[in-house]
Amino acid sequence: MSDESHASPQSTAPHLTAAVIPAAGRGVRLGPGAPKALRALSGLPMLIHAVRAMAASRGVSLVVVVAPPDGAVEVKNLLDEHALPETTDYVVVPGGDTRQESVRAGLDALPPGITEVLVHDAARPLVPVDTVDAVIEAVRGGAPAVVPALPLADTVKQVEPATESGAPEPVVATPERALLRAVQTPQGFDLATLIRAHEQVALNGEGATDDAGMVEQLGVQVVVVPGHEEAFKVTRPLDLVLAEAVLARRRANDGF
Ligand code: CTP
Ligand code: MG
């Protein structure tokens, strides 16, 4: 691991940032097949794109990949096969039943000395390095929790969810769209703050799908920085089509 320190005007203490990549999900909404993080995009597993996106930032010195519980060896072999920059170390640990448990497993694997952590969905393989750097910069500048986010295209309705699929659902409220943001990853945290959130915020049901939400429950201020269209989450089959199109455009623009 690189021990280079990054001085910023706000702080002279050494900063060491790790990225935890939860990749242990099945990808149920994508349909039958391999675990989502291992599906190919332009010939490379989605996870490899996501790991490279984190390693592309000079601020990230360690990547912790949280693999499907039965796939840790396969994921370790994949990472060994696909070279990362020499300055980026990686570790693979098995994940849990929920994203929250998987993130916790990744945090537990961090070595001493790490001061900030990014949590990045393997399912957001195409996030540009500028977005990663902007999140790191905001955390190193003193924000304990930073989330990249975009304004919404669609208006959002709050409803009373129907118990029967397809049944009409009564509308409860229409939040003002201009006040809403759709959040992405990587989310960046002061490490001690995120660990405290994972220790103190209860795991219920499916667990938290958003790490910043857990930090909010501690009463700590979370801030949003501009996200990026290409940081979208590959969730449903159409998202694979979009991801392939983004990669094709990148190849056409810069020879990839
Ligand atoms: N994730 C994880 N461990 C889990 C569940 C999810 O590490 N038990 C990870 C996924 O691998 C993904 C990220 O959390 O990178 C975001 O989750 P999501 O997009 O919901 O992925 P899946 O849970 O795999 O998809 P689905 O909900 O459709 O099954
Ligand atoms: Mg999920």
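About the cut-offs
Residues numbered from 1 in each chain as written. Chains lettered and ligands numbered in written order. Predicted model: local features only at pLDDT ≥ 70, side-chain atom pairs only at ≥ 80, totals over all residues. Heavy atoms only, no water. Buried < 20%, exposed > 50% of the residue type's maximum accessible area, 1.4 Å probe, protein only. Near = heavy atom within 4 Å. Polar contact = N/O pair within 3.5 Å; in protein donor to acceptor, adjacent residues only side chain to side chain. Areas by Shrake-Rupley, 256 points an atom, 1.4 Å probe, with all protein chains shown as cover. Pairing = 2+ DSSP bridges. Helix = DSSP H or I, 4+ residues; strand = E, 2+ residues; numbered from the N terminus. Arc of directions from axis to C-beta. Contact = heavy atoms within 4.5 Å. Lys, Arg positive; Asp, Glu negative; His and termini not counted. Salt bridge = Lys/Arg side-chain N within 4 Å of Asp/Glu carboxyl O.

Visitor: I'd like a rundown of unusual backbone geometry, residues and numbers included.
Guide: Here the amide bond leading from threonine 185 into proline 186 is cis, since omega sits at 10 degrees, within 30 degrees of zero. For serine 42, which is not glycine, the phi dihedral falls at a positive 50 degrees. Under the relative-accessibility criterion, serine 42 is labelled partly exposed at 30%.

Visitor: Tell me about the site of ligand 1, residues and numbers included.
Guide: Neighbouring ligand 1 are 18 residues; Pro22, Val28, Arg29, Ser102 and Lys233 lie closest to it. Contact between ligand 1 and threonine 98: a nitrogen atom at 3.3 Å from a main-chain N or O atom of the residue. Within the contact set of ligand 1, an oxygen atom lies 3.1 Å away from a backbone nitrogen or oxygen of alanine 122. Across the complex, the protein chains shield 87% of the 560 Å² of accessible surface that ligand 1 would expose by itself.

Visitor: Lay out the pairing of strand 11 (residues 187-190) in plain terms, naming residues and giving numbers.
Guide: Inspection of the sheet shows strand 6 (residues 116-119) paired to strand 11 by 4 bridges, in the antiparallel sense. Bridge pairing links valine 117 to phenylalanine 189 in strand 11. With 2 bridges connecting them, strand 7 (residues 145-151) and strand 11 associate as antiparallel partners. Bridge pairing in strand 11 links alanine 145 to phenylalanine 189.

Visitor: Pulling in residues and values, what's your account of helix 5 (residues 191-200)?
Guide: Among the residues of helix 5, those classed as buried are Leu191, Thr193, Leu194, Ala197 and His198. Mapping the buried residues of helix 5 onto a view down its axis gives an arc of 165 degrees, with all of them on the same face. Away from its buried face by more than 90 degrees, helix 5 exposes Ala192, Glu199 and Gln200. Looking at the packing, one finds that the buried side of helix 5 touches helix 3 (99-108), strand 6, strand 11 and helix 6 (211-217).

Visitor: Before we move on, can you summarise the side chain of aspartate 121 with the specific residues and values?
Guide: By the element assignment, aspartate 121 lies in the loop between strand 6 and helix 4 (129-140). Among the polar contacts made by the side chain of aspartate 121, one reaches the side chain of arginine 99 at a distance of 3.0 Å. Filtering out sequence-adjacent residues up to four positions away, aspartate 121 remains in contact with Ile21, Pro22, Ala50, Arg99, Thr185 and Lys233.

Visitor: Mind laying out the side chain of aspartate 239, listing which residues take part and the relevant values?
Guide: Considering the arrangement of structural elements, one finds aspartate 239 in helix 7 (residues 237-254). Although aspartate 239 is buried, it makes no salt bridge; arginine 236 carries the closest opposite charge, 5.0 Å away. Of the polar contacts made by the side chain of aspartate 239, one reaches the backbone nitrogen of threonine 235; its length is 2.8 Å. When neighbours within four sequence positions are excluded, aspartate 239 is seen to be in contact with Phe232, Lys233 and Val234.

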